[in-house]
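What follows is the residue order along each chain.
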Amino acid sequence: MAQPYRHPQRRTRRARAFAAGAALALAAPLAACGSSDEGGVPVLNYYQFPVEHMQNVVDTCNQQAAGKYKIDYQVLPRTADDQRIQMVRRLAAKDSSMDILGMDVTWTQEFASANWIREFAGADRTQVTDGTLPGPLASGTYNDKLYAAPNNTNVQLLWYRKDLVPTPPKTWDEMIGMSRQLKQQGKPYQILTMGAQYEGLVVLFNSLVASAGGHVVSDDGKKAIMDAGAVKGLQELKAFATAGVTNASFSNMIEDDVRHAFQNNEGAFELNWPYVYASMQTENPQLAKDFAWTRYPAIDAGTPSVTTIGGSNLAVSSYSKHPDLAFDAVKCLRGPESQKYLAVNAGQPPSIESVYNDPDMAKAYPMRNELLDELKNAAPRPRTPAYQNLSTVVAAQLSPPSKIDPQKTADSLRKAIQDAIDSKGVLP
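Below, the structure is looked at part by part. Remember, it's a predicted structure, so these values are computed and weren't measured experimentally.

Definitions and limits used
- Residues numbered from 1 in each chain as written.
- Predicted model: local features only at pLDDT ≥ 70, side-chain atom pairs only at ≥ 80, totals over all residues.
- Heavy atoms only, no water.
- Helix = DSSP H or I, 4+ residues; strand = E, 2+ residues; numbered from the N terminus.
- Buried < 20%, exposed > 50% of the residue type's maximum accessible area, 1.4 Å probe, protein only.
- Contact = heavy atoms within 4.5 Å.
- Areas by Shrake-Rupley, 256 points an atom, 1.4 Å probe, with all protein chains shown as cover.
- Lys, Arg positive; Asp, Glu negative; His and termini not counted.
- Charge placed at Lys NZ, Arg CZ, Asp CG, Glu CD.
- Disulfide = S-S within 2.5 Å.
- Pairing = 2+ DSSP bridges.
- Axes fitted to C-alpha atoms, helices over the stretch in contact; angles between N-to-C directions.
- Phe/Tyr/Trp six-rings, centres within 6.5 Å; stacked < 30°, edge-to-face > 60°.
- Salt bridge = Lys/Arg side-chain N within 4 Å of Asp/Glu carboxyl O.

**Quick look at the overall build of the protein chain**
Helices and strands together make up the secondary structure of the protein chain, namely 18 helices and 12 strands. In terms of principal-axis extent, the alpha carbons of the protein chain reach across some 70 × 50 × 40 Å. A burial count over the protein chain gives 57% of its 428 residues as buried. In the protein chain, of all internal contacts separated by at least 6 residues, the share reaching a separation of at least 24 is 75%. Entry remark: accessible area of the protein chain is about 16,900 Å², with carbon and sulfur atoms responsible for 48%. For the protein chain, the separation between the mean place of its 43 positive charges and that of its 44 negative charges on side chains is 2 Å.

Here it is, written out as structure tokens:
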């Protein structure tokens, strides 16, 4: 999924309460939450996955609104699939109690094509586009129109042991070669990353394809491509999976499995989201002294890598009774001060470039320069309203990665992806 896994040991009392509330919300997915006004003040229901300290941001925005409106934070389940199911059911029922939607970056095409979310136009569009990084901004567009405002963003980095690897690799081939040398020396050597049959494997594949200059679907999202660059990405994934440098459980590993394995001294390299930095400082401070980071590895020397973008966006529901107020509230919820607060306190990298230069970011994000460097040319997932189906078929055909036959797999994926694109309807 696009959002990174949260460290379970860092969940606050509020976060635990959020999870409980989310379970209750999922049990009654079509029940309206809140009312259209509260003492004469319009209420804006803001649906979002659980984020530590998000209520503080909501409270601040409500204070700044000064009675113009009141935002109510409606907490969704923790997993992206469950979040989407609840939203889709409500939107399909034209639920007018939904105002602001906190969406995974992969949902824009689907929700916009179904006319469930409103376009950001005029001054609303300008306010979002000014200063927002191009990679996150692309995730909020559909048919050259802006339907979602990037709230936060994310990309994976290459994390490594500087006591084992004094000079980090720049390419996959270099990294695999270093790993093999460490293995021969009897030292921790594994390259740890996500290979289970789920969205994490699709992200790995997408980053390899983008780094090879390839395309999975056409720019308009209507045709499966799987060009020469996509085949090259498959070749690299197959080579990595069969090089003898992965964990024995590679084809079953998700984000936290990878994090734990590296913290337990099993690896020399880790490809994962930035949340692993804070986890390492807390759970293995001794190893943290040698925990370093660099840009995601490239396929070819001299050609920068391209990594898959993550994060979340904010959209305004087509069925909101207060759309103008909802657009105004989005400006506050995803504004520079809100993004900086959540970056420092909740581990959410900003989508607004200027926030990375704030002095308060230095301690929380020592890797901010590398993040910003990658974000400037990050790749979205294949942009199609049928992305959920596409992701499912891609993950299935790539699992396990060691069994990939690059050209044959590409041909099979082309057909399966086209079938996914041509499917009718958007309900799960």
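**Side note on the state of the cysteines**
Counted by the stated rule, this structure contains 1 disulfide. The side chain of C61 participates in a disulfide bridge whose partner is C332; the two sulfur atoms lie 2.1 Å from each other. A torsion of -95° about the S-S bond marks the disulfide between C61 and C332 as left-handed. Here C61, found in helix 2 (residues 54-65), pairs with C332, found in helix 13 (residues 323-333); they are 271 residues apart in sequence, far enough to count as distant. Of the two residues, C61 and C332, both sit in the buried class.

**Describing the sheet that holds strand 8 (residues 157-161)**
The 4 strands are arranged 9-10-8-11 in an open sheet whose pairing can be described as mixed. The sheet is open, and its two edges are formed by strand 9 (190-192) and strand 11 (291-294), each paired on a single side. For this sheet the average axis-to-axis angle between neighbouring strands, irrespective of direction, equals 20°. For strand 8 and strand 10 (residues 267-272), the ladder comprises 4 bridges, and the chain directions are antiparallel. Residue pairing across strands places W159 opposite E270, the latter belonging to strand 10. Helix 11 (residues 275-283) contacts strand 8, strand 10 and strand 11 of the sheet and is inclined by roughly 170° relative to strand 11.

**Topic: the environment of L91**
Structurally, L91 can be placed in helix 3 (residues 80-92). A sequence separation of 20 residues divides L91 from F111, and the C-alpha atoms of the two residues are 9.0 Å apart. Apart from the residues within four sequence positions on either side, L91 is in contact with M98, L101, F111, W116, S317 and Y319.

**Let's talk about the packing of aromatic side chains**
On inspection of all chains with the given rule, the structure shows 12 aromatic pairs. Taking the centre distance of 5.7 Å and the plane angle of 20° together, the rings of W107 and F111 count as stacked. Residue class for F111 comes out buried when judged on its relative accessible area of 0%. Members of the aromatic cluster, connected to one another through ring pairs, are W159, F262, Y277, F291 and W293.

**Things to note about the pattern of salt bridges**
On inspection of all chains with the given rule, the structure shows 16 salt bridges. For the salt bridge of R381 with E199, the shortest nitrogen-to-oxygen distance reads 2.5 Å. Here R381, found in the loop between helix 16 (368-375) and helix 17 (387-398), pairs with E199, found in helix 8 (residues 199-211); they are 182 residues apart in sequence, far enough to count as distant. Among the residues examined, E199 registers a relative accessible area of 11% and is labelled buried. Among the salt bridges present, the one from E283 reaches R259, with a minimum N-O distance of 3.4 Å. Here E283, found in helix 11, pairs with R259, found in helix 10 (residues 255-263); they are 24 residues apart in sequence, far enough to count as distant. Looking at E283, the relative accessible area reads 32%, which means it is partly exposed.

**Comments concerning the pairing of strand 4 (residues 100-104)**
For strand 4, the tally of buried residues reaches 5 of 5 residues, placing the bulk of the element in the interior. By the alternation rule, side chains of strand 4 split into I100, G102 and D104 and L101 and M103, which are all buried. Bridge count between strand 2 (residues 41-48) and strand 4: 2 bridges; the pairing is parallel. Bridging across to strand 4, Y46 finds its partner in I100. By the bridge criterion, 5 bridges tie strand 4 to strand 12 (residues 310-316) in an arrangement that is antiparallel.

**Thoughts on the pairing of strand 10**
In terms of burial, strand 10 is a largely internal element, 6 of the 6 residues being buried. As defined by bridge partners, strand 9 adjoins strand 10 across 3 bridges and the pair is classed as parallel. What sits directly across from I191, in strand 10, is F269.

**Here we look at the side chain of Q48**
You can see Q48 is positioned in strand 2. In this structure, Q48 is in contact with M54, Y73, Q74, V75, L76, G102, M103, N151, S312 and L314, ignoring residues within four places of it in sequence.

**Regarding the side chain of N151**
One can find N151 in strand 7 (residues 149-154). Judged by its relative accessible area of 3%, N151 falls in the buried class. Aside from chain neighbours lying at most four places away, what touches N151 is Y46, Q48, M54, S312, N313, L314, L333, R334, Q339 and S351.

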